[in-house]
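Residue-level structural notes
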Amino acid sequence: MIKSEIIKRSPVRVFEETLEGGLGLGNLGVITSRKGVGKTASLIHIATDKLMRDLNVLHISFADDPRHITNWYEHLFDELAQAYKLEDARQVHDDIIRHRLILHYKQQVEFDHICKDIQDLIKGMNQSPQIIIVDGFPFETASAKDVQNWKSYAQEKKTAVWFSATMHREDPKFDDNGIPFPVNQFTHLLSVIIMLNPMQHHIELELLKSHTPGEQKKLRLKLNPRTLLLSNHRA
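Residues numbered from 1 in each chain as written. Predicted model: local features only at pLDDT ≥ 70, side-chain atom pairs only at ≥ 80, totals over all residues. Heavy atoms only, no water.

1. Some remarks on the overall build of the protein chain
For the protein chain, the count of helices and strands is 7 helices and 9 strands. For 235 residues, the compact-globule formula gives about 18 Å, and the C-alpha radius of gyration of the protein chain, at 17 Å, lands near that figure. Along the three orthogonal principal directions, the C-alpha set of the protein chain runs to about 50 × 45 × 30 Å. Burial status across the protein chain gives 50% buried among its 235 residues. By sequence separation, contacts in the protein chain at least 24 residues apart represent 70% of the contacts at least 6 residues apart. (Helix = DSSP H or I, 4+ residues; strand = E, 2+ residues; numbered from the N terminus. Rg over C-alpha atoms; globule rule 2.2 N^0.38 Å. Buried < 20%, exposed > 50% of the residue type's maximum accessible area, 1.4 Å probe, protein only. Contact = heavy atoms within 4.5 Å.)

2. Regarding the nonpolar core
With 42 residues, the main nonpolar core has F15, Y73, I133, W162, I194 and L205 as its most contacted residues. The leading source of residues in this core is helix α3 (residues 39-52), at 7 residues. Residues contacting F15, with those up to four places away along its chain left out, are I46, W162, I194, L219 and L221. The next biggest cluster of nonpolar side chains, apart from the first, holds 34 residues, and it includes Y105, I132, F163 and I179. (Core = buried A, V, L, I, M, F, W, Y, C linked by side-chain atoms within 4.5 Å.)

3. Things to note about the pattern of salt bridges
In this structure the tally under the stated criterion is 12 salt bridges. When the shortest N-O distance is used, the salt bridge between R13 and E16 registers 3.1 Å. In this pair, R13 and E16 both sit in helix α2 (residues 11-18), 3 residues apart, roughly one turn of the helix. For the residue pair R13 and E16, the accessibility class agrees, reading buried in each case. In this structure, D120 and K116 form a salt bridge, with 3.2 Å as the shortest nitrogen-oxygen distance. (Salt bridge = Lys/Arg side-chain N within 4 Å of Asp/Glu carboxyl O.)

4. Quick look at the side chain of R100
Considering the arrangement of structural elements, one finds R100 in strand β3 (residues 100-104). Using a relative accessible area of 15% as the deciding quantity, one classes R100 as buried. Beyond its immediate sequence surroundings of up to four residues, R100 is in contact with L51, V57, T70, Y73 and E74.

5. Here's the deal with the sheet that holds strand β4 (residues 131-135)
Backbone-to-backbone hydrogen bonds pair the strands of a sheet. The strands run either parallel or antiparallel. In space, the 9 strands of this open sheet follow the order β3-β2-β4-β5-β1-β6-β7-β8-β9, with mixed pairing throughout. Two strands lie at the open edges of the sheet, namely β3 and β9 (230-232), each paired on one side alone. Sheet twist, expressed as the mean angle between neighbouring strand axes with direction ignored, is 25°. (Pairing = 2+ DSSP bridges. Axes fitted to C-alpha atoms, helices over the stretch in contact; angles between N-to-C directions.)

6. Quick word on helix α7 (residues 144-157)
Here α7 is 14 residues long and its end C-alpha atoms lie 20 Å apart, about the 20 Å a rise of 1.5 Å per residue gives. Of the residues one or two after α7, K158 is the one with positive phi, at around 55°. (Expected span 1.5 Å × (residues − 1).)

7. Side note on the pairing of strand β1 (residues 28-33)
Within β1, 6 of the 6 residues are buried, which leaves it mostly tucked inside the rest of the structure. Burial of β1 is two-sided: the residues L28, V30 and T32 facing one way and the residues G29, I31 and S33 facing the other way are all buried. Both β1 and strand β5 (residues 160-166) contribute to a ladder of 6 bridges, which runs parallel. Residue pairing for β5: L28 is matched across the bridge by V161. Across 4 bridges, the pairing between β1 and strand β6 (residues 192-198) is parallel.

Structure (structure tokens):
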């Protein structure tokens, strides 16, 4: 299968259709779950779909070291290429990684520091990233100002920012709207909130908040825990 056909058939199209266009520039979105359920895999699949469309992706990690992040992307691309029998897979791989940048921090740093690093990075990219992945952001200890900083940055730079957020493993707490702690402290700043629910043979993606208020649509996607690929889920 050629790259354009994979883009057309990508489960991310279902994702965007449900969200009436996707997360959108200037907005913040979150994928939350207990630790080890599939937040990073889901975000990297979304990011890889952008890369396949020749869009620029910046991945910021406060968790895994850069080699692990690169390995995540390599693994997911290999699984994707194999699943769809991608033609000229090596050439496609070499083309898309030119659009991918990775920033890693061993510890939390000031937002201004991150902004400066981003500016230094995108000088070599010749254009700004259309999507930023922030993996391992400390929602539990973050303030509203910390998240507002990202919101303002997304709006000013016209980019979409996806975060991962870890829920308590033993005793997750939810507010009256079904939004889990600690993400529920920042609901007013987040346009999209998705929770991963482990099922017997797959991981279900549940839409908790979107651009449309009220009862949320079914997000007919699942994550395969073996391949770490998203796929359509009609069940």
